[in-house]
Amino acid sequence: MSTVHEILSKLTLEGDHAVAPSAYATIRSYPNFDADRDAMAIETAIKTKGVDEPTIVNILTNRSNEQRQDIAFAFQRRTKKELPAALKSALSGHLEAVILGLLKTPAQYDASELKGSMKGLGTDEETLIEIICSRTNQELNTINKVYKEMYKTELEKDIISDTSGDFRKLMVALAKGRRNEDHSVVDYELIDQDARDLYDAGVKRKGTDVPKWINIMTERSVPHLQKVFERYKSYSPYDMEESIKKEVKGDLENAFCNLVQCINNKQMYFANRLYDSMKGKGTKDKVLIRIMVSRSEVDMLKIKSEFKRKYGKSLYYFIQQDTKGDYQRALLNLCGGDD
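For the chain, an unreviewed UniProt entry supplies the name Annexin and the organism Eublepharis macularius. UniProt annotates the chain under Subcellular location (unreviewed entry) with the comment "Secreted, Extracellular space, Extracellular matrix, Basement membrane". In UniProt, the chain has this text filed under Sequence similarities (unreviewed entry): "Belongs to the annexin family."

The following block contains the structure:
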């Protein structure tokens, strides 16, 4: 009989750790970039009767985030006005949301989306879950820092006052950004142990040991957990996601399922979110905008490829069918052309 070690040694750790994230970006640095020229063109576009939206879209969706920061700086030097404020009064609706999102740094954008999800009555758990479950340690650490600068309070504090129970514990544990990121060692015994612990803490017993699930799923590295979920199937009659649905309900179920999907294949997770935002009647524009803005310089090429593989038609095609005007043009530019 094969030993656990032999079986597990056949499993290789996955992940593109050797590849720079920007290799999968649809938005890259614009060659022959001139911040002053762009700032002047945007100033003219804003002053034009009726606002020249295509020019604004064309410039800001074809520059990297770093270049957009330079344009904003050049614009303020020229006009003594903040570029976001000037564009806010010139644009409206979904287009305004896209353009203002693009002018923030990635961490500022995530921080503002998180704040928005917890402001006022009721919490937008979907947004909170999506951002907290899908960002890396480094991204989360920067978000925490920027959140404090922007809102003079800790992200963790806001999560605590806005959520409750085990859902709160999971969100707080993830938001700390303390996941192990050492991918060099494959610990087969720990993979097996974690898989058994997840099974023992859930499906095998009456009631769920949620803290045990939280510890394993928020502390272990992504490649390690991919192997744990694979190994889990040899103990449990259900896969990890099915087990979650049997064991917990509500926001906690949703959060754990999102987390497992992110761990298994982050780009497929975003492809599914994008599809859900556009399927059926009406569009969840907030979700669509956030993913297009936040992933365009990270992994949009991979998301597009997973999208087409699963849904048979390109992301570009879906956006074309679902949106219109300059808003559509902005999203299609971020999408980076049809597949």
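Anyway, onward from the coordinates.
1. Description of the overall build of the chain
The helix and strand inventory of the chain stands at 21 helices and 0 strands. Here the C-alpha radius of gyration of the chain, 22 Å, is about what a compact globule of 339 residues would show, namely 20 Å. Overall, the C-alpha framework of the chain stretches about 75 × 40 × 40 Å when taken along its three principal axes. By residue count, 47% of the 339 residues in the chain fall in the buried class. Summarising the internal contacts of the chain: among those between residues at least 6 apart in sequence, 73% fall at separations of at least 24. With 53 positive and 52 negative side-chain charges, the chain shows a separation of 3 Å between the mean positions of the two kinds.

2. Structural notes on helix α10 (residues 155-162)
Looking at α10, one finds that the buried residues are L155, D158 and I159. Along α10, the residues classed as buried sweep out an arc of 100° about the axis, all on the same side. Every exposed residue of α10 that faces more than 90 degrees away from the buried side is listed here: K157 and S161. Buried residues belonging to α10 abut α7 (106-118), α8 (125-134), α9 (137-151) and α11 (165-175).

3. Topic: helix α16 (residues 250-264)
Spanning 15 residues, α16 covers 21 Å between terminal C-alpha atoms, matching the ideal 21 Å at 1.5 Å per step. Along its buried surface, α16 packs onto α8, α11, α13 (210-219), α14 (222-232), α15 (240-247) and α17 (266-278).

4. Considerations on the pattern of salt bridges
Under the criterion given, the structure shown has 28 salt bridges. Linking D194 and R220 is a salt bridge whose minimum nitrogen-to-oxygen distance equals 2.6 Å. One end of the pair, D194, is in helix α12 (residues 188-201); the other, R220, is in the loop between α13 and α14, and 26 residues separate them in sequence. For D194, a relative accessible area of 1% puts it in the buried group. Residue E230 pairs with K233 through a salt bridge whose shortest N-O separation is 3.7 Å. A relative accessible area of 41% places E230 in the partly exposed class. Salt bridges sharing partners connect three or more residues here, namely E113, E126, E130, R273 and R290.

5. A look at the environment of G120
By the secondary structure assignment, G120 is in the loop between α7 and α8. Sequence separation between G120 and D162 is 42 residues, and the spatial gap between their C-alpha atoms is 9.8 Å.

6. Remarks on the nonpolar core
Side chains that are nonpolar tend, in soluble globular proteins, to be buried together. Of all hydrophobic cores here, the largest spans 52 residues; its most connected members are I42, L60, L87, V98, I99, M292 and L315. Aside from chain neighbours lying at most four places away, what touches L315 is L274, M278, M292, M300, K304, F307 and C335. Formed by 47 residues, the second largest nonpolar core is a distinct cluster that contains I132, I191, L225 and L252.

Quick notes on the rules
Residues numbered from 1 in each chain as written. Predicted model: local features only at pLDDT ≥ 70, side-chain atom pairs only at ≥ 80, totals over all residues. Heavy atoms only, no water. UniProt positions renumbered as here; feature names shortened; annotations may be inferred. Helix = DSSP H or I, 4+ residues; strand = E, 2+ residues; numbered from the N terminus. Rg over C-alpha atoms; globule rule 2.2 N^0.38 Å. Buried < 20%, exposed > 50% of the residue type's maximum accessible area, 1.4 Å probe, protein only. Contact = heavy atoms within 4.5 Å. Lys, Arg positive; Asp, Glu negative; His and termini not counted. Charge placed at Lys NZ, Arg CZ, Asp CG, Glu CD. Arc of directions from axis to C-beta. Expected span 1.5 Å × (residues − 1). Salt bridge = Lys/Arg side-chain N within 4 Å of Asp/Glu carboxyl O. Core = buried A, V, L, I, M, F, W, Y, C linked by side-chain atoms within 4.5 Å.

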